[in-house]
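Chain residues, written in single-letter form:
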Amino acid sequence: LTPFSASEDMRSNWQGKAGRSPLQALYESDQFEQSSLQAVHQQRREMLSNVCSRYTRKRRLLQPDDLRHLVVDDTHGLLYCYVPKVACTNWKRVMMVLTGQGKYQDPLGIPAHEAHVPSNLRTLSEYSVPEINYRLRSYLKFVFVREPFERLVSAYRNKFTLSYNTAFHKRYGTKIIRRHRQEPSDHALERGDDVRFEEFVYYLLDPRTQQEEPFNEHWERVHSLCHPCIIHYDVVGKYETLAEDANYILQLVGADTSVKFPASSKTTRTTDDMTAQFFQDISPFYQRRLFNLYKMDYLLFNYSIPSYLRIR
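Cut-offs applied
- Residues numbered from 1 in each chain as written.
- Predicted model: local features only at pLDDT ≥ 70, side-chain atom pairs only at ≥ 80, totals over all residues.
- Heavy atoms only, no water.
- Disulfide = S-S within 2.5 Å.
- Helix = DSSP H or I, 4+ residues; strand = E, 2+ residues; numbered from the N terminus.
- Buried < 20%, exposed > 50% of the residue type's maximum accessible area, 1.4 Å probe, protein only.
- Core = buried A, V, L, I, M, F, W, Y, C linked by side-chain atoms within 4.5 Å.
- Domains from an automatic or database assignment.
- Contact = heavy atoms within 4.5 Å.
- Pairing = 2+ DSSP bridges.
- Axes fitted to C-alpha atoms, helices over the stretch in contact; angles between N-to-C directions.
- Salt bridge = Lys/Arg side-chain N within 4 Å of Asp/Glu carboxyl O.
- Polar contact = N/O pair within 3.5 Å; in protein donor to acceptor, adjacent residues only side chain to side chain.
- Parallel < 35°, antiparallel > 145°, perpendicular 65-115°, else oblique.
- Left-handed = near helix turned anticlockwise from the far one by under 90°.
- Nonpolar A, V, L, I, M, F, W, Y, C, P; charged D, E, K, R; others polar.
- pLDDT = per-residue confidence, 0-100.

Draft legend 1. Quick look at the state of the cysteines. Tallied over the entire structure, the rule returns 2 disulfides. Paired by a disulfide, Cys81 and Cys226 hold their sulfur atoms 2.0 Å apart. Disulfide Cys81-Cys226: torsion about the S-S bond near -90°, hence left-handed. Of the two residues, Cys81 is situated in strand 2 (residues 78-81) and Cys226 in helix 12 (residues 222-226); the sequence distance between them amounts to 145 residues. Judged by relative accessible area, Cys226 falls into the buried class, the value being 2%. Along the protein chain, the cysteines engaged in disulfide bonds are linked according to the scheme 1-4, 2-3 when indexed in sequence order.

In structure tokens, the structure reads:
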């Protein structure tokens, strides 16, 4: 496949149902009065653009493999880059409703495991190069992000502390314990189901980890999953403002008003305070190294250095 690049003026090229760019549609539509929300999204795009221009010297060409996280909705002209641990299950459910031709009515009626079945949604990597280029130029593109260490702790809690995630315990837990625990028990080496957060951090920072294979998507950096310095996203949604940003996108593409983004009801959600507790036992040396690993996500999406880190 011939490599392809995202053109500089993609955002201005997006044509909505009325043949206007998304920003034109945004400013002209009766539904969208001039609002602080518009200003927020403009600021996020500008921040992203400024950081990209400062830190990326050479623009590389996208390969089809780079596009596996971009979910396509051809009905509404929508591209969604999903990031695990940033409400991606609910967004996939919504995308199934949007693309399902009436097969699905209510996102919450779709079981979580079904939302992650690859055949239920098409990704941009499945299209031909001309089709990819057309969609990158023409569709509304959005991504949702989250405070990087909060997302990382959420991934750790989900994949390593819950008893049912045996596949992760076997695939990653056993390796982490073998490499980063002194005198591990035979039980721990076999099951890999009691990985400590500190050991997980050592694993992420171990040079062998990325030499052997890319990071798992649950702890891979957003800039590596979604390539925001090559693909120009029209909307950068944030986990912290999930409901407002989700509603904004659905209105922007003219989704049926019956399609609602599911309200978050989880009380087990990873919070900033909880994240701080996990970092208490991580030395300043490793805190700094881990921050450097996720630094681009902090910069691109305008998250400040967490106050609980001892790296100043």
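Moving on, there is more to tell.
Draft legend 2. Layout of the nonpolar core. Of all hydrophobic cores here, the largest spans 91 residues; its most connected members are Trp91, Phe149, Phe200, Leu204, Trp219, Leu290 and Tyr294. Considering every element that reaches this core, the biggest residue donor is helix 4 (residues 88-99), with 7 residues. Both domain 1 (22-147 + 221-267) and domain 2 (149-218 + 270-298) contribute no fewer than three residues apiece to this core. Among residues more than four places away in sequence, those in contact with Phe149 are Thr275, Phe279, Leu290, Phe291, Tyr294, Tyr298, Pro306, Tyr308 and Leu309.

Draft legend 3. Focus on the sheet that holds strand 1 (residues 70-73). Here we have 4 strands laid out as an open sheet, ordered 1-2-3-4, and mixed in their pairing. Of all the strands in the sheet, the pair left with one neighbour each is strand 1 and strand 4 (235-238). Within this sheet the neighbouring strands show an average axis-to-axis angle of 25°, counted without direction. Summarising the sheet, strand 2 and strand 3 (residues 140-145) pair through 4 bridges and their orientation is parallel. Bridge assignment links Cys81 to a residue of strand 3, and that residue is Val143.

Draft legend 4. Spotlight on the pattern of salt bridges. Applying the stated criterion across every chain yields a total of 17 salt bridges. A salt bridge links Arg179 to Glu212, with the shortest nitrogen-to-oxygen separation between them at 2.4 Å. Of this pair, Arg179 sits in helix 8 (residues 166-180) while Glu212 sits in helix 11 (residues 207-212); the two residues are 33 residues apart in sequence, bridging distant segments of the chain. Asp206 is paired through a salt bridge with Arg208; the nearest N and O atoms lie 2.8 Å apart.

Draft legend 5. Seen up close, the side chain of Thr275. Note that Thr275 resides in helix 14 (residues 272-279). Given a relative accessible area of 1%, Thr275 falls into the buried group. A polar contact is formed between the side chain of Thr275 and the backbone oxygen of Thr271, at a distance of 2.8 Å. When residues no more than four places from it in sequence are discounted, the contact partners of Thr275 are Phe149, Glu150, Val153, Thr270 and Tyr308.

Draft legend 6. Examining the environment of Arg221 more closely. On the secondary structure map, Arg221 appears in the loop between helix 11 and helix 12. Residue Arg221 is classed as buried on the basis of its relative accessible area of 10%. Taking the C-alpha atoms as reference, Arg221 lies 8.0 Å from Pro148; in sequence the two are 73 residues apart.

Draft legend 7. Representation of the packing of helix 4 against helix 13 (residues 242-252). One can describe the packing of helix 4 onto helix 13 by two numbers: an axis separation of 13 Å at closest approach and a directional angle of 20°. By the angle class used here, helix 4 and helix 13 are roughly parallel. Here the hand of the crossing between helix 4 and helix 13 comes out right-handed. Taking contact as the criterion, the partners of Trp91, Val94 and Leu98 in helix 4 are, on helix 13, Leu242, Ala246, Ile249 and Leu250. Residue composition of the contact of helix 4 with helix 13, grouped by class: 7 nonpolar, no polar and no charged.

Draft legend 8. Inspection of the pairing of strand 2 at higher detail. The alternating pattern of strand 2 places Leu78 and Tyr80 and Leu79 and Cys81 on opposite faces, both of which are buried. The pairing of strand 1 with strand 2 spans 4 bridges and is antiparallel. Looking across to strand 2, one finds that Val71 is bridged to Tyr80.

Draft legend 9. Seen up close, the pairing of strand 1. Across the two faces of strand 1 the burial is the same, with Leu70 and Val72 and Val71 and Asp73 all buried. Here strand 1 folds back onto strand 2, and the loop between the two strands holds 4 residues, one of which, Gly77, carries a positive phi near 65°.

Draft legend 10. Layout of the confidence of the model for the protein chain. Confidence along the protein chain averages 90 in pLDDT terms, with 88% of residues attaining 70 or more. Every residue in residues 5-18 scores below 50 in pLDDT, and together they form 40 contacts with partners more than four places removed in sequence or on other chains.

Draft legend 11. Unusual backbone geometry, seen in detail. One non-glycine residue, Lys85, lies in positive phi territory at about 70°. Mapped onto the fold, Lys85 is located in the loop between strand 2 and helix 4. Of note in this structure, His227 is not a glycine but carries a positive phi near 50°. If you trace the backbone, His227 turns up in the loop between helix 12 and strand 4.

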